Amino acid sequence: MTLSRDQVRHVALLARLGLRDGEEDFYAEQLSRILDHIDRLAEVDTEAIPPTAQVVEVRNVMRADEPRPSLSQEQAIGNAPVAEGGFLVVRAIQEPDPG
Amino acid sequence: MSPAGDANDPTRATIGDLHGRLRRREISAVELLDAHEKRIDALDGEVRAYLRRTPELARRQAEEADRRLASGTGLHPLTGIPVAIKDIFCTEGVETTAGSRILAGFVSPYDATAVARLRAAGAVFLGMTNCDEFAMGSSTENSGYWPTHNPWDLSRVPGGSSGGSAAAVAAGMATFSIGTDTGGSIRQPAALTGTVGFKPTYGRVSRYGLIAFASSLDHVGPFTRSVDDCATVLSVIAGHDPLDATCFDRSLDLSSIGDSIRGLRLGLPREYFEVDGMEEGVKRSVAQALEVLKEAGAELVQVSLPHTDYGLAAYYIVAPAECSSNLARFDGVKYGLHDPEATTLMENYFNTRREGFGPEVRRRLMLGTYALSSGYYDAYYLKAMKVRTLIKRDFEEAFHRCDAIVSATSPTVAFKIGEKASDPLAMYLCDVLTLGGDLAGLPGLSLPAPAADGLPVGLQVLSPQFREDLALRVGRAYEMASGWTAEVAPQ
């Protein structure tokens, strides 16, 4: 599997990753090499095999919905780069499609 | 430096030994801390295992431990024992960065469960250790800060991702440490630094407060200088935690780890002895270790793990896919780095993540995003999850024929810094013998086999899920029969 520069740009957009100059080629080459190895998965017959997402069987865990001690609002946003009046500050989200 | 073999040097001792000396008041917790601080001052300028130290916190904890030791109340085997913590466990009031620039300055407002349990037991926190960024790597060269050097040969890597935790114990800069293992990140650095490293069954130790890499693969475990010490630490950090829904509620019974291994069947997977790139020195060392186990009464049997060749491929879909989702939280809004110049939210995302993540993390984010993206999900992610089923079944089959599986931990000894840095696939192959244990959620121990040309080699023991006792029992029997005792790197 070979990734094109356009595919790298598309995947970086989906991952919200900015790329530096020249990185499209760099990642296209490296990711293609890794995918070449990964493509051997196609050799395995998995027709009747169920997928495993979780290796140790667990049951759904329920608990009573009761108030209990937690971080204060101040602690919870204490690491925010920009906060105001107890809220996180973000830039406007209405903007043209960057793609 | 103390001469090799100074049995009284507290920076070379085991937890078990130090606990006795603390209780007999032959040494105080503060003196034990001082000895370690002195050793770190002398060595860490070259080894660089610690990203940051916590001297004030350590002093308070050591003083509190001495009060407990004086009164005899609240005593625990870890009370007063110095520990190093991988920089991926949230530690209240301490900067915790997962080795990443994107989290520079993040001071955790709470403790990870494993850390809280060590704190309650009275352990003394020396500091946070270096690791590959977000635990992605096998050499600690992917740290966003600096590479850590192997105490046995400073021109070589200590392995990774938990390389700082391994190097700290190997160099006598902590009595024990904790790390995480997602594809081999405890066992491989333990092998490369001559320490004992153990990851228990998936879900045995809570992941709460662990900065997530791949949630279905992340395991927490210790680095120590003896198998008994491993059991001691595991007993503290293991156990049900309502804050992690995958952390199961089953008792951990390690009472049999001192039993003989006479009659135990140890499986040797053919594929694990034939992997590409297996060094002759490692082969010889493992063969010697197997002889010791045989003489101790174990029966060696051939087994097969037929899907071994597909493990790496499955792993490098599952782990990147999970990380691409987990690392979405680093958005330049809630914590860590952000771009104050960005005029739009999208621009802030792009710039923060471009500047904050290193090349390996960005490579895996793209690989994972690609594998999950429309049109590729079935061919990659779903396929990898099915192959994971086959790998898990391989182990289940093998465990019908044996009680535990033994092999080398890593196909190579510690390699030179820079040697594999530009070849991601070569680096990924470091984990070829360990990642199966993560995909299947098995207990996995690495302990020192005979050195090869003066460099440590690891012997890996894998046991069935929930049977930590078997891996530790085999390891302990090896330790006893080989006469091997913990060695601290001769720096």
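All values reported here derive from a predicted model rather than from experimental measurement.

Procedures and definitions
- Residues numbered from 1 in each chain as written.
- Chains lettered and ligands numbered in written order.
- Predicted model: local features only at pLDDT ≥ 70, side-chain atom pairs only at ≥ 80, totals over all residues.
- Heavy atoms only, no water.
- Core = buried A, V, L, I, M, F, W, Y, C linked by side-chain atoms within 4.5 Å.
- Buried < 20%, exposed > 50% of the residue type's maximum accessible area, 1.4 Å probe, protein only.
- Helix = DSSP H or I, 4+ residues; strand = E, 2+ residues; numbered from the N terminus.
- Contact = heavy atoms within 4.5 Å.
- Buried area = accessible area lost by both parts, 1.4 Å probe.
- Salt bridge = Lys/Arg side-chain N within 4 Å of Asp/Glu carboxyl O.
- Polar contact = N/O pair within 3.5 Å; in protein donor to acceptor, adjacent residues only side chain to side chain.
- Phe/Tyr/Trp six-rings, centres within 6.5 Å; stacked < 30°, edge-to-face > 60°.
- Lys NZ or Arg CZ within 6 Å of the ring centre and 35° of its normal.

Points about the nonpolar core
Generally speaking, nonpolar side chains in soluble globular proteins are found buried as a group. The biggest cluster of nonpolar side chains holds 165 residues, and the ones touching the most others in it are Ile-38 of chain A together with Phe-89, Leu-118, Phe-134 and Phe-395 of chain B. Considering each element in turn, this core owes the most residues, 11 residues, to helix H10 (residues 308–326) of chain B. Setting aside residues no more than four positions away along its own chain, Phe-395 of chain B makes contact with Tyr-272, Leu-305, Ile-405, Gly-436, Gly-437, Ala-440, Leu-442 and Leu-462 of chain B. Of all hydrophobic cores here, the second largest spans seven residues; its members include Ala-191, Leu-192, Ala-414 and Phe-415 of chain B.

Here we look at the interface of chain B and chain A
Each partner contributes to the interface: chain B provides 70 residues, whereas chain A provides 57 residues. Taken together, both faces of the contact between chain B and chain A bury some 5600 Å²; the carbon and sulfur share is 67%. Here chain B and chain A share three salt bridges between them. One salt bridge in this structure joins Asp-423 of chain B and Arg-33 of chain A, with 3.3 Å as the shortest N-O distance. The tally of links between chain B and chain A comes to 23 residue pairs in polar contact (both at pLDDT 80 or more). Among the secondary structure elements, those contributing two or more residues to the side of chain B that touches chain A are H10, helix H11 (345–356), helix H12 (359–372), helix H13 (377–401) and helix H14 (424–428) of chain B. When residues in the side of chain B that touches chain A are grouped by element, the largest group, 12 residues, is from H13 of chain B.

Here's the deal with unusual backbone geometry
Residue and element names in this part refer to chain B. Between Gly-160 and the following residue, Ser-161, the backbone shows a cis peptide bond with an omega angle of 15 degrees. Here Phe-134, not a glycine, exhibits a phi torsion of approximately 55 degrees, which is positive. Following the sequence through the fold, Phe-134 ends up in the loop between strand E3 (124–129) and helix H5 (163–170). Overall, the relative accessible area of 0% leaves Phe-134 in the buried class.

So, the packing of aromatic side chains
Residue and element names in this part refer to chain B. Taken as a whole and assessed by the stated rule, the structure comprises 16 aromatic pairs over all chains. Plain terms: the ring middles of Phe-106 and Tyr-335 are 5.5 Å apart, the flat faces sit at 80 degrees to each other, and that makes the pair edge-to-face. Placement of the pair is Phe-106 in the loop between strand E2 (82–86) and helix H4 (113–121) and Tyr-335 in the loop between H10 and H11, with a sequence separation of 229 residues. Across the pair, exposure class does not vary: Phe-106 and Tyr-335 are buried alike. Seen from their ring centres, Phe-330 and Phe-357 are 6.3 Å apart, and the 90 degrees between their planes marks the pair as edge-to-face. Note that Phe-330 is positioned in the loop between H10 and H11 and Phe-357 in the loop between H11 and H12, a separation of 27 residues in sequence. Assigned by exposure class, Phe-330 and Phe-357 land together as buried. One aromatic cluster is present, built from ring pairs that chain together Phe-106, Phe-134, Phe-330, Tyr-335 and Phe-357. Seen from the ring of Phe-466, Arg-250 lies directly overhead, with NZ or CZ sitting 3.7 Å from the centre.

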